[in-house]
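This is what each chain is made of:
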Amino acid sequence: MTDTVCGFFEKIRAKLFGGIDLTWPKLTVFAVIAGVYTGVMALIPALYYTSFNAITVSFEAWILFGIVIIMNSRSNLDSALKCFVFFLISQPLVYLVQVPFSPMGWQLFGYYKYWFIWTLLCFPMGFVGYLMKKDRWWGLLILLPMVGLTGYSYLTYLSDLIFSRPRYILVVLFCAAAMILYPVAVFKNKKIRAAGAAVGAAAVVALAVLCLLRPPVYSTEIMSNGAEVRFDGTYTVSIADEKYGDVGIIYIDSVEDRFVHADLKRAGDTVVTLTSPDGEKKEFSLHIERSTYSIEQITPGG
């Protein structure tokens, strides 16, 4: 059974990481599909704050695409040009697909500046990355920055998973697997494979421990003293279920006013109650996400 699984993996590895005749027409189709798919993922509200939306904001999937292109190129220059052209086509398409459906319209392309810088960097990265095909020890040093960037996504999304479980579990598993398997997929030398996989596995464990020792907390002011809601230091505030976090009234000197501060620990829906000194209560529905929230007063009898 083990031999069968290893044989199947080796066939997939050999095909995907060096067995594709990556012509320019195929590369163009690949770039168009990747760009359109990513743009569509960014448009579907039901996929916000999920693994499927991760491709729209972070590197992990694009690193895989880049490695596949490098390993199926024919020379340093071919690799550099194909990496550059792939991202030159795919990244603008991500925004172009969204333009007709976004209230920002063409202003969306303001975000493209960041990705265009990375597109320019794809040329030297593709050129140097091709050296991994030499199957030498120093090739592992070229691969490690890609593993490191994937590790950054792994740490980010593992934190998001802990905060918003079970969301993000797919992208966390993808990143963990990629960190371990990239060296196995790229290199043929067994010693390089083993060393690279060991480094990747150690990084996966170390980052997981770091994340568990420092669980995510979203600290923010969810309510301010103002025309709609009035309160002072004599009021108290509570949260219906403390698994979602802690709340309290604070005074901020810089604005000379009071706010309801929250240290939020989990995504979901709960109720926050503001109580006056004479016992009058006002309740607010609080919806929590990893880096945003919405709060609305609950109308009595509503």
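Described below are features of the structure shown in this document. (Residues numbered from 1 in each chain as written. Predicted model: local features only at pLDDT ≥ 70, side-chain atom pairs only at ≥ 80, totals over all residues. Heavy atoms only, no water.)

### Quick look at the layout of surface pockets
- Approximately 650 Å³ is the volume attributed to the largest pocket.
- Those elements giving two or more residues to the lining of the largest pocket turn out to be helix H2 (24-43), helix H4 (76-98) and helix H6 (137-164).
- Grouping the amino acids of the lining of the largest pocket by side-chain chemistry returns 18 nonpolar, 8 polar and 2 charged.
- Here the second largest pocket is characterised by a volume of approximately 390 Å³.
- Surrounding the second largest pocket, 21 residues form its lining, Ile63, Cys122, Met125, Met146 and Leu149 being those nearest its centre.
- Elements that contribute at least two residues to the lining of the second largest pocket include exactly helix H3 (60-71), H4, helix H5 (112-129) and H6.
- Element by element, the count of residues in the lining of the second largest pocket is highest for H5, at 9 residues.
- The class makeup of the residues in the lining of the second largest pocket is 17 nonpolar, 4 polar and no charged. (1 Å grid on protein atoms, 1.4 Å probe; cavity = no way out; pocket = protein on both sides within 12 Å on 5 of 7 lines; lining within 4 Å. Points joined across faces, edges and corners; volume = space filled by probe spheres on them. Helix = DSSP H or I, 4+ residues; strand = E, 2+ residues; numbered from the N terminus. Nonpolar A, V, L, I, M, F, W, Y, C, P; charged D, E, K, R; others polar.)

### Let's talk about the pattern of salt bridges
- Applying the stated rule across the entire model yields 6 salt bridges.
- Measuring nitrogen to oxygen at the nearest pair gives 2.9 Å for the salt bridge that ties Asp21 to Arg74. With a gap of 53 residues between them, Asp21 in the loop between helix H1 (2-16) and H2 and Arg74 in the loop between H3 and H4 connect regions that are remote in the sequence.
- Classification of Asp21 by relative accessible area gives partly exposed; the value is 42%.
- The class for Arg74 is exposed, based on a relative accessible area of 60%.
- In this structure, Arg167 engages Glu289 in a salt bridge whose closest nitrogen and oxygen atoms are separated by 3.1 Å. Of this pair, Arg167 sits in the loop between H6 and helix H7 (169-186) while Glu289 is found in the loop between strand S6 (281-288) and strand S7 (293-297), placing the two residues 122 residues apart along the sequence. (Salt bridge = Lys/Arg side-chain N within 4 Å of Asp/Glu carboxyl O. Buried < 20%, exposed > 50% of the residue type's maximum accessible area, 1.4 Å probe, protein only.)

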